[in-house]
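# Structural overview for review
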Amino acid sequence: VCSTAAKRLTNVYTSTNSSLWGDNVVAMTADDKDVWMAVYNKGLTAFNIDSRRFTNYTLPVFSKVGDIIWTLCDSHDGNLWVGGRDILVLNKTTRTFTPVKQLTGCGVQSMSCRGKVMWLGCSKGVYKIDKATHRILKHYDTSTRGMSLSNNSVRYLYADSKGRVWVSFSYDDI
């Protein structure tokens, strides 16, 4: 992980020279206090911008398939959504995790937050989630009438400012 300031490299952090859990960072997001990192096969790491210290978080495991993280999304309401084999919501104040139990083991690959809604792309299609209640509002897959997906294996998605959700599939089209 590299830090820059004034258009020059200021710090390089690795698992060798810091308490960063590993060197395979697969997703990052930031707020005004922390840079959040998903470290593959390790867990969640927060780098505090002011103190320049790392804090590592072990993920609670709710499914039998493990704790790998693939994606992070700040929902701008004090929570960080952590997606991987399970979907967890971290309260950034209390530093506690809450699972989205209906989606345990769904394999979340990507997330996008727009307004009061969190969009999740996973191995079972696309889910539209109420970010306050964590309730599933809608599920789209290959069998959805009127708006079926060409493939259930969603790799990336993005919810734009006009209300459109852009989806790409593993080994398929947009």
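For the structure, see preceding data.
Residues numbered from 1 in each chain as written. Predicted model: local features only at pLDDT ≥ 70, side-chain atom pairs only at ≥ 80, totals over all residues. Heavy atoms only, no water.

If you walk through the whole model with that rule in mind, you get five aromatic pairs. A ring pair is formed by Tyr13 and Phe47, whose centres lie 5.1 Å apart and whose planes are at 50°; its orientation type is tilted. Linking Tyr13 in the loop between strand 2 (8-12) and strand 3 (25-30) with Phe47 in strand 5 (residues 43-48), this pair joins segments that are 34 residues apart in sequence. A relative accessible area of 13% places Tyr13 in the buried class. Seen from their ring centres, Trp36 and Tyr57 are 6.0 Å apart, and the 35° between their planes marks the pair as tilted. You can see Trp36 sitting in strand 4 (residues 34-39) and its partner Tyr57 sitting in strand 6 (residues 53-57), a full 21 residues away along the chain. (Phe/Tyr/Trp six-rings, centres within 6.5 Å; stacked < 30°, edge-to-face > 60°. Helix = DSSP H or I, 4+ residues; strand = E, 2+ residues; numbered from the N terminus. Buried < 20%, exposed > 50% of the residue type's maximum accessible area, 1.4 Å probe, protein only.)

One can find Asn79 in strand 8 (residues 79-84). If we ignore the near neighbours within four places in the chain, the residues touching Asn79 are Cys73, Asp74, Val89, Leu90, Asn91 and Lys92. (Contact = heavy atoms within 4.5 Å.)

Let's shift gears to the side chain of Ser112. Looking at the element boundaries, Ser112 is found in strand 11 (residues 108-114). For Ser112, a relative accessible area of 6% corresponds to the buried category. A polar contact of 3.0 Å, which involves the side chain of Ser112, links it to the backbone nitrogen of Ala159. (Polar contact = N/O pair within 3.5 Å; in protein donor to acceptor, adjacent residues only side chain to side chain.)

One open sheet accounts for four strands, arranged 11-12-13-14; its pairing is antiparallel. Because the sheet does not close on itself, it has two edges, and the strands there are strand 11 and strand 14 (136-140). Adjacent strand axes in the sheet meet at a mean angle of 15°, parallel and antiparallel pairs treated alike. Bridge count for strand 11 against strand 12 (residues 117-122) is six bridges, and the pairing is antiparallel. Pairing of Ser112 across the sheet is with Trp119, part of strand 12. (Pairing = 2+ DSSP bridges. Axes fitted to C-alpha atoms, helices over the stretch in contact; angles between N-to-C directions.)

Across all of its chains, the model carries zero disulfides by this definition. No disulfide involves Cys106; its sulfur sits 4.1 Å from the nearest other cysteine sulfur, which is in Cys122. For Cys122, a relative accessible area of 1% puts it in the buried group. (Disulfide = S-S within 2.5 Å.)

Now for the nonpolar core. Trp81, Ile87, Leu103, Met111, Met118, Leu120 and Ile129 are the most contacted members of the largest nonpolar core, which totals 15 residues. Apart from residues no more than four positions distant in its own chain, Ile87 is found in contact with Trp81, Val82, Thr98, Pro99, Val100, Leu103, Val108, Met111 and Leu120. Among the nonpolar cores identified, the runner-up in size contains 14 residues, and Trp36, Leu72, Leu80 and Leu90 belong to it. (Core = buried A, V, L, I, M, F, W, Y, C linked by side-chain atoms within 4.5 Å.)

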